[in-house]
Each structure stands twice: as C-alpha cells, then as structure tokens.
Amino acid sequence: MQKDYYQILAIIDSAEDVVIKAAYKALIHIYHPDRYEGDKHEATQKTKDILEAYRVLSNPESRAEYDQSRGIAPKQA
C-alpha cells in the first residue's frame, strides 16, 4: 500500500507549496532525532517519512505523478 504523503505532513490534497514547506519545517523541528524526547527509533522513522513526503510533494512533477497514482485530478495552474 502506498504511503499517504498528505497525511504524513498533515495537509490537504490541494495545499499550496508554502503550506507544504511550512508543514515540513514544523514536523522536522518536532521529530528530529536529536531534539525528540521520546523513542529515537520512532523519531528517525517519522523523520524519514516526513522527508520522503516533502521530496515528493515539493516537486511539481513528482507531485503530479503521485496525485495521478492516487486518482486525484491534477492541480490547475
């Protein structure tokens, strides 16, 4: 099953680039293994998921491919 990058970043499917970047920065700040006070393994995994989601959703081409694979209509420019 495919990961839901929008859910990982806690944003809606139609989020603007600025929202994606803000969500990424906020979550990385919380879950960075050097800062997280909980389980370091959990923090490392969450950080990897957050980074993967950001890489896909911050790139217009990869985001369009990802959205298409999920059956979401392409974002209108």
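Residues numbered from 1 in each chain as written. Predicted model: local features only at pLDDT ≥ 70, side-chain atom pairs only at ≥ 80, totals over all residues. Heavy atoms only, no water.

**Focus: the packing of aromatic side chains**
Working step 1: All chains considered together, the criterion is met by four aromatic pairs.
Working step 2: An angle of 40° between the planes, with centres 5.9 Å apart, marks the rings of Tyr6 and Tyr66 as tilted. Of this pair, Tyr6 sits in helix 1 (residues 5–9) while Tyr66 sits in helix 4 (residues 60–70); the two residues are 60 residues apart in sequence, bridging distant segments of the chain.
Working step 3: Among the residues examined, Tyr66 registers a relative accessible area of 6% and is labelled buried.
Working step 4: Taking the centre distance of 4.1 Å and the plane angle of 15° together, the rings of Tyr24 and Tyr54 count as stacked. Of this pair, Tyr24 sits in helix 2 (residues 17–31) while Tyr54 sits in helix 3 (residues 40–57), placing them 30 residues apart in sequence.
Working step 5: An aromatic cluster is defined as three or more aromatic residues linked by ring pairs; in this entry it consists of Tyr5, Tyr6 and Tyr66. (Phe/Tyr/Trp six-rings, centres within 6.5 Å; stacked < 30°, edge-to-face > 60°. Helix = DSSP H or I, 4+ residues; strand = E, 2+ residues; numbered from the N terminus. Buried < 20%, exposed > 50% of the residue type's maximum accessible area, 1.4 Å probe, protein only.)

**Topic: the pattern of salt bridges**
Side-chain pairs of opposite charge can arise where the charged atoms are in close proximity.
Working step 1: In the structure shown here, the tally under the stated rule is six salt bridges.
Working step 2: Of the charged contacts in the structure, one is a salt bridge between Asp4 and Arg70, with a shortest N-O distance of 3.7 Å. Residue Asp4 is found in the segment before helix 1, and its partner Arg70 is found in helix 4; the two are separated by 66 residues along the sequence.
Working step 3: A relative accessible area of 27% places Asp4 in the partly exposed class.
Working step 4: Across the pair Asp17 and Arg63 runs a salt bridge, and its minimum N-O distance is 3.9 Å. Remark: Arg63 occurs in helix 4 and Asp17 occurs in helix 2; sequence separation between them is 46 residues.
Working step 5: One salt-bridge network, in which partners are shared between bridges, spans Lys3, Asp49 and Glu52. (Salt bridge = Lys/Arg side-chain N within 4 Å of Asp/Glu carboxyl O.)

**Some thoughts on the side chain of Asp67**
Working step 1: Its location among the elements puts Asp67 in helix 4.
Working step 2: At 2.6 Å, the side chain of Asp67 forms a polar contact with the side chain of Tyr6.
Working step 3: Residues contacting Asp67, with those up to four places away along its chain left out, are Tyr6 and Ile72. (Polar contact = N/O pair within 3.5 Å; in protein donor to acceptor, adjacent residues only side chain to side chain. Contact = heavy atoms within 4.5 Å.)

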